[in-house]
Amino acid sequence: MPTPFQQRASEYRGNEAEFLATLSPSLFRMTLDPHSDPREMLHTTVVFTSPPGTGKTTLARFFQYATLKRLMEQVQRTQDGVFEELKSLAQERGFIQDEQLVVCGARISFERDYRELALIGYSEQRALELMLSLVGARAILAWRQMFQGVGISADRVELVPTTSGGARLDYLGGARLDQVAERAAQVESIIYRLTASFIPPKEEDLLAQLGGQFYPFLAIDGFHVPELGTLKPLIMIDDAHWADRAQHEALMAHLTLREVSMARWVLQRMEALDPKDTLIWGHEDAIPATDNLQRLRQVVDIRMTQAPDDKRGAVRKAFRRAANEIATRAMQHIPELRKNGITTLAGLEIKAEATAKQKEEIQKLPENVAFKLKIGAGQVDQIRQRVYTYVGRNESEFDAATIAPAMVSILLHRQFNRARQHSLFDGNADESLAEEVLVDADADVAAGAQVRLWHDFKVPYLGGLDVVADLGTENAETFLQLAWELVQLLETQEIIRGDRSTSLTVKQQHEVLAKVGERIVGEWSFPHAISVRRLVEGISTLCLARSLEPNAPLGGGANSVGIEQSEFAEVMKHPKLVEALRFGLGYNAFSLIPSRNAKSKKWTVLELSGPVIAYKGLTTRRGGFVPIKLATLVAMIDGGPR
């Protein structure tokens, strides 16, 4: 039977209680907290866009009426604090008021059969009307199923019309949900038969069968149930990326009509976006290709993995909390681990220690560097003292004999560069500056030493739950893939080998994470994956070269490249690169960060994803990037096959 780590898709959970038991409130907060006005998200069109595995469907299923009703029951029945936190989240977002559900959310999936409507041979306008009618029909049927699932008969649900929706309700079939649902079932059946037929009927015959357009979103403002009061409808259209370009534009135009007063959410992968919307999003001078001023006012655009640069630190911290919650709740559902006391990954070791043979070689680094750069013993001693003081303050993270010599060697190179700059090439400089120690030890130097020790001596550095979470790159599915390999290793050493340790060494973790990262990259099979691998390989090579410079100028090094934003705005002139970037972003090969301020300029930064970082041995710390020209990315795409 698959574990929660393997069975990642939330729609596979058998019932609402089982589904709720695996949720992480922090994961939802990462997406919703930056948009603090719940009224806005329940009174306009909200579009959630992200790569697979980031929780779009999980979000939609959670906000369904039946799920929230079961949540309120679970709060009464159990003492689980997670249920209380989930309830608080629903209250903050306006779904629960005065201990009553006030929003009736239902989810439909934009399946592939919608696209077949564009291939029947009807006029484009007719095909789009059929698509919108099918969306409306399935929405009504989803609401009917939602009410029936919680024991409320559809004939007891009265439809509250919009300001001008009274006549439309009569046209749709009546003022009760069961009446409109009966018509919706007929519409769905007619259109579905149409997509399955070899020879479609004439347009006029089809219209006679349908009785006209079926657009309930324009007519319904609420659902009135006698014992519950009036509920606000929320329709969540999942997998909207399956729509073709014309269908997607028609769907968005329909949802943003002034007459639509219900809440409506659209959830989609990034390939649903126009290429310009994907790549130039966030630029101050850019207007998205498919938008106009009216839509910009009417749509809340949430990029679930593209937080603004100034909020990325907070998002990473939130995902660390979410990862801990996800892993802990998933491990509770694995009996073999639970009975052996393994219920969390929080105890993973973070302190790496080299072998005796490795330490013997590492200890020679400061002496060799000092001799090569001709740095005096006094300066070496001062730098060594500063390093060991820093490492001593952080002894829970670092083994002094392993990391300190590498840090000293980095600081010796920095000292040499700074002293030379201040004195040796300045005839008027104070020569005493050549003896002054101008450098100090910090976390950046330690991170640079870790990367160098891995590449020079194979001393591991990827260890601890926070590191595993960071390698997840704010993607729950990627995190679960990485974490599952560690869980299996824990299970093996605890149950099969009889090792009573509930932790893993940094060496064990690093080897597993690098292996999984390589496998994930090797299994990419999405469109333009070959070109994306070329980009990843080229970017990784540049980052590694910068990271391994003797003075570690970027601290832990680089895991990104940056192009001046004004130059990156020309990317649309390179169609092959555009497609590679678009699908690389869409499938979590890298992230795009617009408008980063550095060196008195604005940059567009491409940051490699966690699996690539683990595979290539780069730093997990953010911030360091290699400045390049747009032409460099173009040349990577035009390289030979990999």
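To be clear, the structure that these remarks concern was listed above.
Here's what I pulled together on the structure shown here. Quick caveat: nothing in here was measured; it's all calculated off a predicted structure.

## Some details on the overall build of the protein chain
For the protein chain, the helix and strand inventory stands at 29 helices and 13 strands. Overall, the C-alpha framework of the protein chain stretches about 95 × 60 × 45 Å when taken along its three principal axes. When the 642 residues of the protein chain are sorted by exposure, 56% land in the buried category. Put simply, of all contacts in the protein chain between residues at least 6 apart along the chain, 78% involve residues at least 24 apart. Here the protein chain has roughly 27,700 Å² of accessible surface; of this, 49% comes from carbon and sulfur atoms.

## Looking at the packing of helix H8 (residues 124-149) against helix H12 (residues 245-255)
With their axes 10 Å apart at the nearest point, H8 and H12 run at an angle of 60° to one another. Judged by the angle between their axes, H8 and H12 are oblique. Handedness of the crossing formed by H8 with H12: right-handed. Contacts between H8 and H12 involve Glu124, Leu128, Met131, Leu132 and Val135 from the first element and Ala246, Gln247, Ala250, Leu251 and His254 from the second. Grouping the constituent residues of the contact of H8 with H12 by class yields seven nonpolar, two polar and one charged.

## Focus on the pairing of strand E12 (residues 601-608)
With six of eight residues buried, E12 lies mostly within the body of the structure. Note: strand E10 (residues 560-564) against E12, five bridges, orientation antiparallel. Bridge assignment links glycine 562 to a residue of E12, and that residue is valine 605. In this sheet, E12 lies alongside strand E11 (residues 590-598) in antiparallel orientation, the contact comprising seven bridges. Across the sheet, the residue bridging to leucine 592 is leucine 606, located in E12. Once E11 ends, the chain turns through two residues before running back antiparallel as E12, passing lysine 599 with a positive phi of about 55°.

## Examining the sheet that holds E12
The strand order E11-E12-E10-E13 describes an open sheet built from four strands, whose pairing is mixed. Edge strands, defined here as strands with exactly one partner in the open sheet, are E11 and strand E13 (625-627). Mean inter-strand twist for the sheet, computed between neighbouring axes without regard to direction, equals 30°. Across the sheet, helix H27 (residues 575-586) lies against E11 and E12, angled at about 105° from E11, the strand it touches most.

## Focus: the packing of aromatic side chains
All chains considered together, the criterion is met by 16 aromatic pairs. With centroids separated by 6.1 Å and ring planes inclined at 70°, the aromatic side chains of phenylalanine 95 and tryptophan 265 adopt a geometry described as edge-to-face. Here the residue phenylalanine 95 occupies a position in the loop between helix H6 (81-92) and strand E2 (96-97), and tryptophan 265 occupies one in strand E8 (residues 263-268), the gap between them amounting to 170 residues. A residue is classified by how much of its surface remains accessible, and tryptophan 265, at 2% relative accessible area, is buried. By way of ring pairs, the aromatic residues Phe28, Phe48, Phe62, Phe63, Phe95 and Trp265 are connected into one cluster. In this arrangement the basic side chain of arginine 61 is found over the ring face of phenylalanine 19, its NZ or CZ atom lying 4.5 Å from the centre.

## Points about the packing of helix H2 (residues 25-32) against helix H15 (residues 312-331)
The N-to-C vectors of H2 and H15 enclose an angle of 155°; their axes lie 7 Å apart at closest approach. With respect to their mutual orientation, H2 and H15 come out roughly antiparallel. With respect to the hand of their crossing, H2 and H15 are arranged in left-handed fashion. Facing H2, whose interface residues are Pro25, Ser26, Leu27 and Met30, H15 presents Val315, Ala318, Phe319, Arg321, Ala322, Glu325 and Ile326. Here the residues of the contact of H2 with H15 are counted per class, giving eight nonpolar, one polar and two charged.

## Some details on helix H18 (residues 365-373)
Every buried residue of H18 is accounted for by Leu365, Pro366, Val369, Ala370 and Leu373. Within H18, the buried residues cover an arc of 120° as seen down the axis, which keeps them to one side. Opposite the buried face of H18, at more than 90 degrees from it, the exposed residues are Glu367, Phe371 and Lys372. Positive backbone phi, at 60°, marks lysine 374, one or two positions downstream of H18.

## Some details on the side chain of threonine 67
Along the polypeptide, threonine 67 turns up in helix H5 (residues 65-77). When its relative accessible area of 0% is taken as the criterion, threonine 67 is described as buried. Within polar-contact distance, the side chain of threonine 67 engages the side chain of glutamate 16 at 2.8 Å. Once you skip the residues sitting within four places of it in the chain, threonine 67 turns out to touch Glu16, Phe19, Leu20, Arg61 and Phe62.

## Here we look at the environment of threonine 502
With respect to the helices and strands, threonine 502 occurs in the loop between helix H23 (476-496) and helix H24 (506-522). The partly exposed category is assigned to threonine 502, whose relative accessible area is 40%. Ignoring sequence-local partners within four residues, the contact set of threonine 502 consists of Gly341, Ile342, Leu490 and Glu494.

## Topic: unusual backbone geometry
Even without a glycine there, the phi angle at glutamate 99 is positive, about 65°. With a relative accessible area of 42%, glutamate 99 lands in the partly exposed category. In this structure, lysine 599 takes a positive phi of about 55° despite not being glycine. Classification of lysine 599 as exposed rests on a relative accessible area of 64%.

Rules used throughout
Residues numbered from 1 in each chain as written. Predicted model: local features only at pLDDT ≥ 70, side-chain atom pairs only at ≥ 80, totals over all residues. Heavy atoms only, no water. Helix = DSSP H or I, 4+ residues; strand = E, 2+ residues; numbered from the N terminus. Buried < 20%, exposed > 50% of the residue type's maximum accessible area, 1.4 Å probe, protein only. Contact = heavy atoms within 4.5 Å. Areas by Shrake-Rupley, 256 points an atom, 1.4 Å probe, with all protein chains shown as cover. Axes fitted to C-alpha atoms, helices over the stretch in contact; angles between N-to-C directions. Parallel < 35°, antiparallel > 145°, perpendicular 65-115°, else oblique. Left-handed = near helix turned anticlockwise from the far one by under 90°. Nonpolar A, V, L, I, M, F, W, Y, C, P; charged D, E, K, R; others polar. Pairing = 2+ DSSP bridges. Phe/Tyr/Trp six-rings, centres within 6.5 Å; stacked < 30°, edge-to-face > 60°. Lys NZ or Arg CZ within 6 Å of the ring centre and 35° of its normal. Arc of directions from axis to C-beta. Polar contact = N/O pair within 3.5 Å; in protein donor to acceptor, adjacent residues only side chain to side chain.

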